[in-house]
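Analysis of the macromolecular model
Below, each chain spelled out in residue letters.
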Amino acid sequence: MAKKRMIALNNIWKDKHIGKQLKIKLVKCLVWTVMTYGAEGWTLRKRDEKKINSAEMWFYRRLLRVRWKEKRTDEAILAELQVKRHLLESIRKRKLSFFGHICRSKCTLMKDIIQGKLEGRRGRGRPRAAYLDNIKTWTRRNSAEIYTMTERREEWRKLVQKAVRAANASRSDAG
C-alpha cells in the first residue's frame, strides 16, 4: 500500500521546483504513515527488517528518480539526500513505547496476549518468534526486568531511547 501511495505521488517526485528536503518530509508524512500503520503490533523477524530497510531505500530511490540500472549504492543515495535510515528506528520506538503503555494499563487481556499466556498446546517444531522476543532483544533485558521497568515511566523512556540508539549503532557497524 505504501508503494502504491509513492507511485500515486509521482507528480510530486518529478517536480523540479520542489526541493529534496521538502520531498523527504512529504515521504515521511504521506508514505511512511501508510507503511507503519499498526506497526506497534508487529513481531519483527530479520526477514521483515530487511524488507522494511529495502522499502525505505526504494522510497528514497523513487524520490530521486534513480533507475535500478544505474547501480548506485544505498550509501550514495543516503549521502545525496543527507539522511540516515530512520524507518526501522521509528517502528522500534513505537513498538517499545506501546509495550510500556500496555504493561502499565489495567487491561489484563492485552497483557496476557502480549506475554503469550494463552491456553492450549504449543504446536510442533521450533517456536515462532513472539512479540516479547523483540522487546527482550532490543532492550537486552529479561522479562522480569522489563515488566518492572515499564511501571516506572521515566526509566522506561530512557531504556527505549537507549535501545533504539544501540540498535542503530549495531546496524551502522554491520553495514
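As recorded by an unreviewed UniProt entry, the protein carries the name UDP-glucuronosyltransferase 2a1-like and is attributed to Plakobranchus ocellatus.

Note that side chains of opposite charge can pair when their charged atoms are close. Applying the stated criterion to the full structure yields 9 salt bridges. For the salt bridge of Glu-49 with Arg-92, the shortest nitrogen-to-oxygen distance reads 3.2 Å. Taken as a pair, Glu-49 in helix α4 (residues 46-64) and Arg-92 in helix α6 (residues 87-104) lie far apart in primary sequence, 43 residues in all. Neither residue differs from the other here; Glu-49 and Arg-92 are each classed as buried. For the salt bridge of Glu-80 with Arg-72, the shortest nitrogen-to-oxygen distance reads 2.3 Å. When its relative accessible area of 32% is taken as the criterion, Glu-80 is described as partly exposed. Counted as one network, the salt bridges with shared partners bring together Lys-20, Arg-72 and Glu-80.

Once that is clear, we can look at the nonpolar core. Grouped together as the largest cluster of nonpolar side chains are 43 residues, with contacts concentrated most on Phe-59, Phe-99 and Trp-156. Elements represented by at least two residues in this core include exactly α1 (2-8), α3 (20-35), α4, α5 (74-81), α6, α8 (131-139), α9 (143-151) and α10 (153-174). In this structure, Trp-156 is in contact with Leu-96, Ser-97, Phe-99, Gly-100, Arg-104, Ile-135, Thr-139, Ile-146, Met-149 and Thr-150, ignoring residues within four places of it in sequence.

Moving on to α6. When the terminal C-alpha atoms of α6 are compared, their 26 Å separation across 18 residues agrees well with the 26 Å that a helix rising 1.5 Å per residue should span. Restricting attention to buried positions, one finds in α6 the residues Leu-87, Leu-88, Ile-91, Arg-92, Lys-95, Leu-96, Phe-99, Gly-100, Ile-102 and Cys-103.

Note on backbone geometry: most residues besides glycine have negative phi, and most peptide bonds are trans. A positive phi angle, near 55 degrees, is found at Lys-71, a position not held by glycine. Relative to the helices and strands, Lys-71 resides in the loop between α4 and α5.

Counting all residues, the mean pLDDT for the protein is 84, and 94% of those residues have values of 70 or more. Of all secondary-structure elements in the protein, the lowest mean pLDDT belongs to helix α7 (residues 108-115), at 73, while α4 reaches the highest, 89.

Turning our eyes to something else, we now look at the packing of α8 against α9. Put simply, α8 and α9 touch, their axes get as near as 10 Å, and they point 85 degrees apart. In terms of orientation, α8 and α9 fall into the roughly perpendicular class. On the side of α8, the interface is formed by Leu-132, Ile-135, Lys-136 and Thr-139, while α9 contributes Ser-143, Ile-146 and Tyr-147. Per-class residue counts for the contact of α8 with α9 are 4 nonpolar, 2 polar and 1 charged.

This part is about a positive patch on the surface. The grouping of Lys-14, Lys-16, Arg-65, Arg-67 and Lys-69 at the surface amounts to a positive patch. Tracing the chain through its elements places Arg-65 in the loop between α4 and α5. Classification of Arg-65 as partly exposed rests on a relative accessible area of 46%.

Thresholds, definitions, all that
Residues numbered from 1 in each chain as written. Predicted model: local features only at pLDDT ≥ 70, side-chain atom pairs only at ≥ 80, totals over all residues. Heavy atoms only, no water. Salt bridge = Lys/Arg side-chain N within 4 Å of Asp/Glu carboxyl O. Helix = DSSP H or I, 4+ residues; strand = E, 2+ residues; numbered from the N terminus. Buried < 20%, exposed > 50% of the residue type's maximum accessible area, 1.4 Å probe, protein only. Core = buried A, V, L, I, M, F, W, Y, C linked by side-chain atoms within 4.5 Å. Contact = heavy atoms within 4.5 Å. Expected span 1.5 Å × (residues − 1). pLDDT = per-residue confidence, 0-100. Axes fitted to C-alpha atoms, helices over the stretch in contact; angles between N-to-C directions. Parallel < 35°, antiparallel > 145°, perpendicular 65-115°, else oblique. Nonpolar A, V, L, I, M, F, W, Y, C, P; charged D, E, K, R; others polar. Patch = residues over 30% accessible without salt bridge, like charges linked within 9 Å, V, L, I, M, F, W, Y side chains within 5 Å. Areas by Shrake-Rupley, 256 points an atom, 1.4 Å probe, with all protein chains shown as cover. Lys, Arg positive; Asp, Glu negative; His and termini not counted. Charge placed at Lys NZ, Arg CZ, Asp CG, Glu CD.

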